[in-house]
Amino acid sequence: MALKITRAVDTRLYGGFDLDPTDLEGTFDHRVWVRKVIDGFDNEQRVVVNIEDSDGITEKVILVGETHSLNDKVVLTLSGVQSHVADQREIPQARFGIEAPRDYLILRHDARKK
């Protein structure tokens, strides 16, 4: 079963097997940065993400229902695009499903530190 998470434009997800919540930038295996969320006409919903790993940064366009393997054990799926109303504006957000082993930690960039 995949972890479901919703992210807006200019937000990031960090993932890793040895991810340190106090040092996300220094310990991630993968960083997924949501650059653009498109809630297009005729069901052309998609996102543009930058995916960073040890090999560098890749820009990827993912359509709803498409999957992208971050490595041989971690798979990212765009399950949909939804809008959130804030300050009387509709803000599109990407809904992701992430399948990974139990020892793979996933954190938002804005997670509260304890």
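Description of the structure in this document.

Moving on, we get to the pattern of salt bridges. Across all of its chains, the model carries four salt bridges by this definition. Asp-110 serves as the salt-bridge partner of Arg-7, at 3.4 Å between the closest nitrogen and oxygen. With Arg-7 in strand S1 (residues 3-8) and Asp-110 in the segment after strand S9 (105-108), this pair connects stretches of sequence that are 103 residues apart. Note on Arg-7: relative accessible area 6%, which makes it buried. What makes Asp-110 partly exposed here is its relative accessible area of 39%. Two residues, Arg-31 and Glu-25, come together in a salt bridge whose shortest N-O distance is 2.7 Å. In the salt-bridge network here, residues are joined through shared partners; they are Arg-7, Arg-108 and Asp-110.

The tendency in soluble globular proteins is for nonpolar side chains to be buried side by side. Among the nonpolar cores identified, the biggest contains 18 residues, and Val-32, Val-47, Val-49 and Phe-96 are the most heavily contacted of them. Among residues more than four places away in sequence, those in contact with Phe-96 are Leu-3, Lys-4, Ile-5, Arg-7, Val-34, Val-47, Val-49, Leu-76, Thr-77, Leu-78 and Ser-79. One finds Tyr-14, Leu-24, Phe-28 and Leu-107 within the second-largest nonpolar core, a separate group that totals five residues.

A few words now on the pairing of strand S2 (residues 11-16). The buried count for S2 comes to five of six residues, which makes it a mostly enclosed element. By the bridge criterion, five bridges tie S2 to strand S3 (residues 30-39) in an arrangement that is antiparallel. Bridge pairing links Thr-11 to Val-34 in S3. Strand direction decides the pairing type here: S2 and S9, joined by four bridges, are antiparallel.

Another aspect to go through is the environment of Gln-45. When you line up the elements, Gln-45 lands in strand S4 (residues 45-53). On the basis of relative accessible area, Gln-45 is assigned to the buried category, the value being 19%. Within the structure, the side chain of Gln-45 is placed 2.8 Å from the side chain of Asp-39, a separation counted as a polar contact.

Each value, and the rule that gives it
- Residues numbered from 1 in each chain as written.
- Predicted model: local features only at pLDDT ≥ 70, side-chain atom pairs only at ≥ 80, totals over all residues.
- Heavy atoms only, no water.
- Salt bridge = Lys/Arg side-chain N within 4 Å of Asp/Glu carboxyl O.
- Helix = DSSP H or I, 4+ residues; strand = E, 2+ residues; numbered from the N terminus.
- Buried < 20%, exposed > 50% of the residue type's maximum accessible area, 1.4 Å probe, protein only.
- Core = buried A, V, L, I, M, F, W, Y, C linked by side-chain atoms within 4.5 Å.
- Contact = heavy atoms within 4.5 Å.
- Pairing = 2+ DSSP bridges.
- Polar contact = N/O pair within 3.5 Å; in protein donor to acceptor, adjacent residues only side chain to side chain.

Nothing here speaks to function; it is geometry throughout.
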